[in-house]
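# Observations on the model geometry
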Amino acid sequence: MALPTAEELFDTYFAPWHPPEEHEDGNVWLRPDFEEIELPPGAHIRVLDRLTPEGRAAAGARVAGMERAAREDWPALLGVSGEPGPEWLEAFDRWATEERVADLLKTARPEQSANPILVLACEAGALTGGLLLRAHPGMQWLVDWPYWNSAVFDLNTRTRLHVFAWAVRRFASGGADTPLLARYETALKLLRGGPPDPAL
């Protein structure tokens, strides 16, 4: 079974959960891996935030909840232990073979929010974001809704990293060629002033 493209995965398993008005506005699409954001001089990053305080709190709670879920689920799923670190991403990459992803797709029902494609991708995105925040102090979540549109943001480089989109692409055709661990390491290199890597 050939795996779908990342855009096809997003359109099938994520897009239906976006509010109708976002479909009408054309705002339902898979985010890029990263974006360099232009901010006016002296502008606060709040200008990038389109949520109300209540919406921000709800999105933040869902992101935090998915990271907790990964901490709870991945030891049994992947055989990892201890505090999450890059080795958890490496274990996820080893586990997410094309055969396993194809098997997940056979049973994943898009109309169910607990389908394994959505859940595992969101766990992976949230955990990756949490690892980036701990590895590169000064970064923060820039949450959005649905919560899988949230990104990790670095003010110094004005870079927004769409970690949930990384996870969607990891499950897609060709995903094994750009594993999560490689994306994570490339992002840290970029944020720390290293040359850009075409893999990100």
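Here, every reference points to the structure presented above.
Because the structure is a prediction, the values reported are computed rather than measured. (Residues numbered from 1 in each chain as written. Predicted model: local features only at pLDDT ≥ 70, side-chain atom pairs only at ≥ 80, totals over all residues. Heavy atoms only, no water.)

### Description of empty space enclosed by the protein
Using the criterion set out here, one finds 2 cavities of 30 Å³ or more in the structure. In this structure, the largest cavity spans a volume of roughly 80 Å³. Lining the largest cavity are 13 residues, with Leu-30, Trp-148, Asn-149, Phe-164 and Ala-165 positioned closest to its centre. Ranked by residue count, the leading element in the lining of the largest cavity is helix α7 (residues 163-170), at 3 residues. By residue class, the composition of the lining of the largest cavity is 9 nonpolar, 3 polar and 1 charged. In this structure, the second largest cavity spans a volume of roughly 40 Å³. Taken together, Leu-3, Ala-96, Thr-97, Glu-98, Val-101, Arg-170, Ala-172, Gly-174, Gly-175 and Ala-176 form the lining of the second largest cavity. Looking at side-chain class alone, the lining of the second largest cavity contains 5 nonpolar, 3 polar and 2 charged residues. (1 Å grid on protein atoms, 1.4 Å probe; cavity = no way out; pocket = protein on both sides within 12 Å on 5 of 7 lines; lining within 4 Å. Points joined across faces, edges and corners; volume = space filled by probe spheres on them. Helix = DSSP H or I, 4+ residues; strand = E, 2+ residues; numbered from the N terminus. Nonpolar A, V, L, I, M, F, W, Y, C, P; charged D, E, K, R; others polar.)

### Comments concerning the sheet that holds strand β4 (residues 159-161)
The strand order across the open sheet built from 4 strands is β1-β4-β3-β2, with neighbouring strands paired in antiparallel fashion. The open sheet terminates on both sides in strands that have one partner only, identified here as β1 (34-36) and β2 (140-142). Across the sheet, the mean angle separating the axes of adjacent strands is 30 degrees when strand polarity is ignored. Two elements, β1 and β4, share 3 bridges in a ladder whose sense is antiparallel. In the strand pairing of β4, Glu-36 is matched with Thr-159. (Pairing = 2+ DSSP bridges. Axes fitted to C-alpha atoms, helices over the stretch in contact; angles between N-to-C directions.)

### Some points on the pattern of salt bridges
Two side chains of opposite charge can pair, provided their charged atoms sit close to one another. Under the definition given, this model contains 8 salt bridges. A salt bridge links Arg-160 to Glu-35; its shortest N-O distance comes to 3.2 Å. Residue Arg-160 is found in strand β4, and its partner Glu-35 is found in strand β1; the two are separated by 125 residues along the sequence. Accessibility expressed as a relative area gives 24% for Glu-35, which makes it partly exposed. A salt bridge links Arg-109 to Glu-111; the shortest N-O distance between them is 2.8 Å. One network of salt bridges, with partners in common, ties together Asp-33, Arg-169 and Arg-183. (Salt bridge = Lys/Arg side-chain N within 4 Å of Asp/Glu carboxyl O. Buried < 20%, exposed > 50% of the residue type's maximum accessible area, 1.4 Å probe, protein only.)

### So, helix α6 (residues 116-135)
Counted at 1.5 Å a residue, the expected span for α6 with its 20 residues is 28 Å, and the 28 Å between its end C-alpha atoms agrees. Along α6, 15 of the 20 residues are buried, which leaves the element largely enclosed by surrounding structure. Of the residues flanking the start of α6, the one acting as N-cap is Asn-115, its side-chain oxygen 3.1 Å from the backbone nitrogen of Ile-117. (Expected span 1.5 Å × (residues − 1). Polar contact = N/O pair within 3.5 Å; in protein donor to acceptor, adjacent residues only side chain to side chain.)

### Describing the packing of helix α4 (residues 86-95) against α6
At a closest axis distance of 10 Å, the pairing of α4 and α6 adopts a crossing angle of 155 degrees. Taken together, the axes of α4 and α6 lie roughly antiparallel to each other. Crossing handedness for the pair α4 and α6: left-handed. Note on element contacts: α6 touches α4 through Leu-120, Ala-124, Leu-127, Thr-128 and Leu-131, opposite Pro-86, Trp-88, Leu-89, Phe-92 and Trp-95. Considering only residue class, the contact of α4 with α6 consists of 9 nonpolar, 1 polar and no charged. (Parallel < 35°, antiparallel > 145°, perpendicular 65-115°, else oblique. Left-handed = near helix turned anticlockwise from the far one by under 90°. Contact = heavy atoms within 4.5 Å.)

### Thoughts on the nonpolar core
Counting 59 residues, the largest nonpolar core has Phe-14, Trp-74, Leu-132, Phe-164 and Phe-171 as the members making the most contacts within it. Secondary structure elements with two or more residues in this core: α1 (6-13), α3 (53-78), α4, α5 (98-107), α6, α7 and α8 (180-191). Looking at this core, the element that brings in the most residues is α6, giving 10 residues. When neighbours within four sequence positions are excluded, Leu-132 is seen to be in contact with Met-139, Leu-161, Val-163, Trp-166, Tyr-184, Ala-187 and Leu-188. (Core = buried A, V, L, I, M, F, W, Y, C linked by side-chain atoms within 4.5 Å.)

### Side note on α1
Inspection of α1 places Ala-6, Leu-9, Phe-10 and Tyr-13 among the buried residues, and these make up the whole buried set. For α1, the angular spread of the buried residues around the axis is 95 degrees, confining them to a single face. Looking at the buried side of α1, the elements it contacts are α5, α6 and α7. (Arc of directions from axis to C-beta.)

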